[in-house]
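The primary structure of each chain is shown beneath.
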Amino acid sequence: MDFDAEFDAIRRDISQGKTSEVSAKISGIAGQSSDPFVIIKCISLLKTVNENSAAEELAGLLLKSAGSDPETVIQSASALRILGFPSHALELLNSLEKNDAVLRESAQCFVSLGDYRSALSELDMIADKTAEDSCLIVNSLSALDQCESAVSEASALLVKYPDFYGAKTAYVSSLIRGGREKEATRYVRSLLKDKSADSNALAGYLMWILGNTKSAGAYASRAVQKDNRHIGGMEILGLSLAARGETDKARIVAGAINEIQPGHASAVKILDYCNSAEKSRERNRASQYIIAFGYGTAAMIISSIYVYRLFDEFDYSFDLCDGLTFLHSPNGFGKSTIMRMLYCALKGDMKSLSEIPFERMDVSFADGKNLILEKESDAFLAQVQKNDLETRVTPDELASLCDVTYIPPERLMIKKKDGHLAPALESYAQELYERIQYSKGRSELDLSSYKKTGMTDSELDSKFREIKSKLDFIRDAGLEPVIPSGYRVPPSRYEISVKKEEYEILAAALADYASENYSLAESIVIFKDVINDVLIGKTLEISDSGKMMIVLKNGNSLLLSKLSSGEKQMMIMFFRLLFQTRPDSLVIIDEPEISLHITWQQKLGKVLSDICRVRNIQIVAATHSPQVIHDMWDNARELKLENA
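The text that follows walks through the structure, step by step, so that each part is easy to find. Nothing here was measured: the structure is a model prediction, and the numbers come from that model.

1. A few points about the nonpolar core
The biggest cluster of nonpolar side chains holds 68 residues, and the ones touching the most others in it are Phe527, Met571, Phe574 and Leu577. Take this core: its biggest share by element is 16 residues, from helix H24 (residues 500-534). Contacts of leucine 577, omitting those with residues within four sequence positions, involve Ile407, Val587, Ile589, Leu608, Ile611, Ile617 and Ile619. Counting residues in hydrophobic clusters, the runner-up holds 55 residues, among them Leu206, Ala216, Ala223 and Cys274.

2. Describing the side chain of arginine 615
Tracing the backbone shows arginine 615 in helix H26 (residues 598-615). At 3.3 Å, the side chain of arginine 615 forms a polar contact with the backbone oxygen of serine 519. If we ignore the near neighbours within four places in the chain, the residues touching arginine 615 are Ser519, Glu522, Ser523, Leu578, Thr581, Pro583 and Asp584.

3. Brief notes about the packing of aromatic side chains
Tallied over the full model, the rule gives 12 aromatic pairs. For the pair tyrosine 171 and tyrosine 187, a centre-to-centre distance of 4.9 Å together with 85° between the ring planes defines the contact as edge-to-face. Taken together, the residues tyrosine 171 in helix H11 (residues 165-177) and tyrosine 187 in helix H12 (residues 181-192) connect sequence positions 16 residues apart. Of the two residues, tyrosine 171 and tyrosine 187, neither departs from the other in class, the shared state being buried. Where phenylalanine 314 meets tyrosine 316, the ring centres are 5.8 Å apart and the plane angle is 45°; that geometry is what we call tilted.

4. Considerations on the pattern of salt bridges
Close approach of charged atoms lets side chains of opposite charge pair. Here the structure, examined in full by the defined rule, presents 33 salt bridges. Notably, a salt bridge pairs glutamate 501 with lysine 452, separated by 3.3 Å at the nearest N-O pair. Taken together, the positions of glutamate 501 in helix H24 and lysine 452 in the loop between helix H21 (424-440) and helix H22 (457-476) put the pair 49 residues apart, joining distant regions of the chain. Given a relative accessible area of 44%, glutamate 501 falls into the partly exposed group. On the accessibility criterion, lysine 452 (52% relative accessible area) is exposed.

5. Describing the sheet that holds strand S1 (residues 302-310)
Ordered by their spatial adjacency, six strands build an open sheet running S2-S1-S4-S5-S6-S7, and the pairing between neighbours is antiparallel. If you trace the sheet from one side to the other, it starts and ends with strand S2 (314-319) and strand S7 (389-392), each paired once. The sheet shows a mean angle of 15° between the axes of neighbouring strands, direction not considered. Both S1 and strand S4 (residues 360-365) contribute to a ladder of six bridges, which runs antiparallel. Looking across to S4, one finds that serine 304 is bridged to serine 364. Docked against the sheet, helix H18 (residues 335-347) engages S1, S2, S4 and strand S5 (370-376), running at close to 115° with respect to S1.

6. Examining the environment of leucine 398
Position of leucine 398 relative to the elements: it lies in helix H20 (residues 395-399). The spatial distance from the C-alpha of leucine 398 to the C-alpha of leucine 371 is 8.8 Å, given a sequence separation of 27 residues. Aside from chain neighbours lying at most four places away, what touches leucine 398 is Ala345, Leu346, Gly348, Met350, Leu371, Leu373, Ala382 and Val393.

7. So, the side chain of arginine 411
You can see arginine 411 is positioned in the loop between strand S8 (404-407) and strand S9 (413-415). As a buried residue without a salt bridge, arginine 411 has its nearest oppositely charged side chain in glutamate 593, at a separation of 6.5 Å.

8. Section: helix H2 (residues 22-32)
Where H2 is concerned, the buried positions are Val22, Ser23, Ile26, Ile29 and Ala30. All buried residues of H2 fall inside an arc of 125° around its axis, so they share one side. What points out from H2, more than 90 degrees from its buried face, is the exposed set Ala24, Gly31 and Gln32.

9. What about the sheet that holds strand S16 (residues 636-638)?
If you walk across this open sheet you meet the five strands as S8-S14-S15-S3-S16, and the pairing is parallel. Of all strands in the sheet, those bounded by a partner on one side alone are S8 and S16. Within the sheet, the average angular offset between the axes of one strand and its neighbour, ignoring direction, is 20°. One ladder, built from four bridges, connects S8 with strand S14 (residues 586-590); its direction is parallel. For tyrosine 406, the partnering residue across the bridge sits in S14 and is isoleucine 588. Each of S8, S14 and strand S15 (618-623) is contacted by helix H25 (residues 565-579), which is oriented at about 175° to S8, the strand it contacts most.

What counts as what
- Residues numbered from 1 in each chain as written.
- Predicted model: local features only at pLDDT ≥ 70, side-chain atom pairs only at ≥ 80, totals over all residues.
- Heavy atoms only, no water.
- Core = buried A, V, L, I, M, F, W, Y, C linked by side-chain atoms within 4.5 Å.
- Buried < 20%, exposed > 50% of the residue type's maximum accessible area, 1.4 Å probe, protein only.
- Helix = DSSP H or I, 4+ residues; strand = E, 2+ residues; numbered from the N terminus.
- Contact = heavy atoms within 4.5 Å.
- Polar contact = N/O pair within 3.5 Å; in protein donor to acceptor, adjacent residues only side chain to side chain.
- Phe/Tyr/Trp six-rings, centres within 6.5 Å; stacked < 30°, edge-to-face > 60°.
- Salt bridge = Lys/Arg side-chain N within 4 Å of Asp/Glu carboxyl O.
- Pairing = 2+ DSSP bridges.
- Axes fitted to C-alpha atoms, helices over the stretch in contact; angles between N-to-C directions.
- Lys, Arg positive; Asp, Glu negative; His and termini not counted.
- Arc of directions from axis to C-beta.

See below:
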């Protein structure tokens, strides 16, 4: 039965993005045919729309449909291997007597499975070896870390086939695997003098396995411009596009390869990379969605505050912004008192709250909850209301509603655990030193506690790129993990292919290290940037050991205690915001303008707003200064007597 019309219709649906019913149509065709080549087409289309489970079921069906004709079995096995089912392919091949064609295909299946010793055993039995067979020998030797033998074989191959592109890539990859990157680069540069499609494609291949996606794509593009049927150049171009997130363009390149050589492994490789890249982006989008909408976090945004009979006289109501809100009024209106009331309520500090004269306070949250505090004789009734249902809560339950930090006007001195007062800035400097020392003490990676994760090569490559960017940022803060010897971060794609399990384990360990240290590193970098933006004639530096230092222009150091009051105020306020405040929490700052020059006050609002965004916190700042509010009056709320 001829299914060409049905296949053409399915391809049109896929090209137009109509993939919802494609899987059922393909399975329907497969159910009507016992022709192995029809089933192979169905598997290929299912892989194209990322229906891998259905494709694997058909791959199992093909084992029964391939028949006994050796040529048909070998072609079916080759198709299964290319489509990502090398184990099924080997099952088919086991039914045949071994000849050069069967041995050759078996060797490629073993390479796909990572069993390079078996691949070499099969290749050794081939009587009439081709150039492609020799390339496979080189790559298998490299994968087994027999690098000198691989380079020797590749050199001999180049002498025999000087114009064969596969021989050139085998030689380059064997040099890279043997740690001879400079030699590989010199070789590729020597070939680039002719500006041919081959030399540009080879340069793209070198850049790709070294992890330089942008340069790889540029060289590959030149190769394809010179020869629009150069499959090596097209493969690197497609992979580079997919790595940059341009998967639609990458799929077009894969389609062009398929037009030149239907079912070519390079087309399948590009499509697999596209699918992995798209899955990774979906996971990232999902996590961003979760963060943006607060699911899975303890974030509790306060939307409004109502206070009744403050000082037995005033009633106030005002709403808050999601990020930064300024609360202002003349002296004596009660804004600092309201800030203390809010802090005490959210800490469950009923004793301190009872000392403030007021009758009731309502705190409304963005999720629809309302916290109601009412005086009953000498005590307070605390209730949480939602959907008209009221539940009485204890002080401990109040403290769990919302994480809150209070930065009072009297912030130059702090009370230590033993009760005595100490200079805040010196205490915070010691706290930072201890945190950095703790982090440095945990820089050794314990790989023994991790297991392989089952990532594909492309997913692992993408994961290492993500980890590398985080580690670079962490390194800027003076922190760095100790990478075990024999590993490189990020690894080349070739290294991933030959040491897959080891690099999966390393990626998991580094991901945990980055997760544990990124917030501290971010705080260090932002803290230094904010403070150095306002300091004049001096610079804040943090030594490798974690010591906070002030360095003058002449190179001399200045004790923290010798800083001006305004400089101390800035450092204390932002230390508390960055190092002592959790994400998804509320921060109350009373009189942030204390001792600050007008130019510093004018910068304050934007920096506070940026920190709200970066750390996903809500800040309420009570201020007397219009300079602090500056050009952010949309974020300002005034306590007015006419509302009393």
